[in-house]
Amino acid sequence: MKIEKTAKNLLNTISKSTCSFTAVSNAINRLYQRGFDELSLNKKWVLEKGGKYFINIYDSGLFAFTIGESSDGMLKIAAAHTDHPCLYIKPNPELTVKGYQKVNTEVYGGAILNTWMDRPLSVSGKVTMKSDNLYQPKKKIIDFERPLFTIPNLAIHLNREINKGTELNKQTDMMPVCGMLDETINTNHFFTEYLSEECGVKTEDILDFELYVYNAEEGCVFGLNNDFISAPRLDNTTSVEACLTGIINTQPVSGIHFIALFDNEEIGSRTKQGADSELLSIVLEKIYLTLGMDRKTYLDKISGGFLLSLDVAHGFHPNRPEKSDLTNINLLNHGIVIKRASSQSYATDSESIAIAEQICRAAEIPYQKYAVRSDGTTGSTLGTIANKYLPMRSVDIGVPVLAMHSAREMMGIWDQAYLEKFVCRFFL
């Protein structure tokens with residue numbers, strides 16, 4: 001494993017994956033370059049054995065799959081999510097206070113709010129525009145790729161209690177500042193006009209947008225021995241990168257290999273492009289029917305299939321060791337983490353864990369097991385949600401990180417290579 005190249009590739013993907021829309025756009029470009037053909041959700045398909053295909057899921061999700069020379073083999077799925085906690089720009093976002101220009105935002109997902117203060121912030125997302133077809137507005141995926149905003153902290157001189165912890169109000173404290181008014185600036189539409197210039201259209205042609213404020217800082221490798229990666233959006237670009245690496249660099253002899261990159265995991269997955277949707281099961285059934293199989297065969301493939309649910313895990317925090325379980329300690333650079341909980345917040349059971357362990361041992365991949373403290377709480381993943389629609393053996397795995405949901409997170413440099421190797425071995 002060339003660890004420096006793996007880290008460089010991950011950081012490059014992070015810099016291009018600033019929201020779910022740009023993450024999918026970047027992934028599509030990579031799949032095109034590797035010979036994958038695009039399919040449309042609502043059109044007839046022609047599939048060939050040995051073929052490689054992808055489906056754009058409403059611009060913020062992506063399915064991709066490869067078919068073996070024999071399609072009778074096992075169905076293997078690796079899933080991850082494209083979104084991350086951040087700020088979401090509201091309609092009519094322009095606000096001014098004594099000449100300061102601000103934009104009105106809401107918090108998307110479970111962000112650690114104070115980590116967003118005093119950072120260079122930018123904007124990316126999708127803009128929809130007027131067209132001649134009422135049911136097909138024009139659309140454009142954009143990324144300003146330059147700092148536009150910041151959210152300034154209140155100085156310690158004005159809040160002497162700030163280091164004791166200050167609760168931030170999501171409405172009043174989290175609005176980014178972006179400029180100062182002068183006589184040339186439209187007070188009511190300064191952001192919309194700026195957006196229209198970026199899109200190259202008239203302001204009145206913009207009908208709506210889905211725009212996200214993201215941390216514009218670049219990621220980096222750091223440490224006395226270059227042990228770590230510090231970057232925005234490790235959750236869950238690490239898993240997206242592993243899925244893409246696996247599907248691009250392997251080709252099944254038999255069966256179907258499939259990656260599902262869902263949106264909206266950070267807010268519950270309850271969307272058409274999220275895991276809490278029948279879309280994945282619909283697409284899989286369409287694949288098998290197009291290949292000439294019947295529904296009974298499709299149902300057999302689901303029952304005999306296997307799902308990897310990929311998402312980051314909580315690493316052991318050296319400054320807060322009491323937050324980790326007593327006997328299950330997950331250290332950075334010590335391998336991928338297999339997650340399990342009696343609450344079933346993860347899709348894992350002992351049989352699927354055994355399968356994951358055997359993959360690790362066969363490929364000489366170090367691994368660890370995660371369990372939450374009995375007096376603690378944990379999050380959940382898309383694995384249990386997807387299992388509602390695809391009742392197959394599943395396992396939740398990921399790289400251990402620190403500062404999960406911060407504007408900038410931390411991981412071990414070796415763990416990304418371990419995760420990518422695992423997915424590639426899974427797809428063999």
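Our subject is the structure listed above.
The rules we used
- Residues numbered from 1 in each chain as written.
- Predicted model: local features only at pLDDT ≥ 70, side-chain atom pairs only at ≥ 80, totals over all residues.
- Heavy atoms only, no water.
- Pairing = 2+ DSSP bridges.
- Helix = DSSP H or I, 4+ residues; strand = E, 2+ residues; numbered from the N terminus.
- Axes fitted to C-alpha atoms, helices over the stretch in contact; angles between N-to-C directions.
- Contact = heavy atoms within 4.5 Å.
- Parallel < 35°, antiparallel > 145°, perpendicular 65-115°, else oblique.
- Nonpolar A, V, L, I, M, F, W, Y, C, P; charged D, E, K, R; others polar.
- Left-handed = near helix turned anticlockwise from the far one by under 90°.
- Buried < 20%, exposed > 50% of the residue type's maximum accessible area, 1.4 Å probe, protein only.
- Polar contact = N/O pair within 3.5 Å; in protein donor to acceptor, adjacent residues only side chain to side chain.

(A) Focus on the sheet that holds strand β17 (residues 367-370). In space, the nine strands of this open sheet follow the order β1-β2-β3-β13-β4-β14-β18-β16-β17, with mixed pairing throughout. Unpaired on one side and paired on the other, β1 (37-39) and β17 mark the two borders of the sheet. Across this sheet, the average inter-strand angle for adjacent strands is 25°, counted without regard to direction. In the sheet, strand β4 (residues 70-81) pairs with strand β13 (residues 254-262) via eight bridges, with the strands oriented parallel. Considered in β13, the bridge of Ala80 is made with Leu261. In this fold helix α2 (residues 20-33) packs onto β1, β2 (52-57) and β3 (61-67), with an angle of close to 20° to the strand it touches most, β3. Packing against the sheet, helix α5 (residues 279-290) makes contact with β2, β3, β4 and β13, and its axis sits at approximately 155° to β13.

(B) The arrangement of the packing of helix α1 (residues 3-16) against helix α9 (residues 413-426) in detail. Orientation of α1 relative to α9, taken along the N-to-C sense of each, is 90°, at an axis distance of 9 Å. Classified by the angle their axes make, α1 and α9 are roughly perpendicular. In contact with Ile3, Thr6, Ala7 and Leu10 of α1, α9 contributes Ile413, Trp414, Gln416, Ala417 and Glu420. The residue makeup of the contact of α1 with α9, split by class, is six nonpolar, two polar and one charged.

(C) Up close: the packing of α2 against helix α4 (residues 234-249). At a minimum axis distance of 11 Å, the contact between α2 and α4 shows a crossing angle of 15°. By the angle between their directions, the pair α2 and α4 is classed as roughly parallel. Every pair of crossing elements has a handedness; the one defined by α2 and α4 is right-handed. Judged by residue contacts, Ala27, Arg30 and Leu31 of α2 engage Glu241, Leu244, Thr245, Ile247 and Ile248 from α4. When its residues are assigned to classes, the contact of α2 with α4 shows five nonpolar, one polar and two charged.

(D) Here's a closer look at the side chain of Thr13. Relative to the helices and strands, Thr13 is located in helix α1. Relative accessible area serves as the criterion here: at 3%, Thr13 is assigned to the buried category. Reaching out from Thr13, the side chain makes a polar contact with the side chain of Arg30 at a distance of 3.3 Å. Beyond its immediate sequence surroundings of up to four residues, Thr13 is in contact with Asn26, Arg30, Thr237 and Glu241.

(E) Spatial organisation of the sheet that holds strand β9 (residues 177-180). In space, the six strands of this open sheet follow the order β8-β7-β10-β5-β6-β9, with antiparallel pairing throughout. Looking along the sheet, the strands with just one partner apiece sit at the ends: β8 (138-143) and β9. Between one strand axis and the next, the sheet turns through 30° on average, direction left out of account. As paired elements, strand β5 (residues 86-97) and strand β10 (residues 206-215) share two bridges and run antiparallel to each other. Paired with Leu87 across the two strands is Val213, which belongs to β10. Helix-sheet contacts for α2 involve β7 (121-129), β8 and β10, and the interaxial angle to β8 is about 95°.

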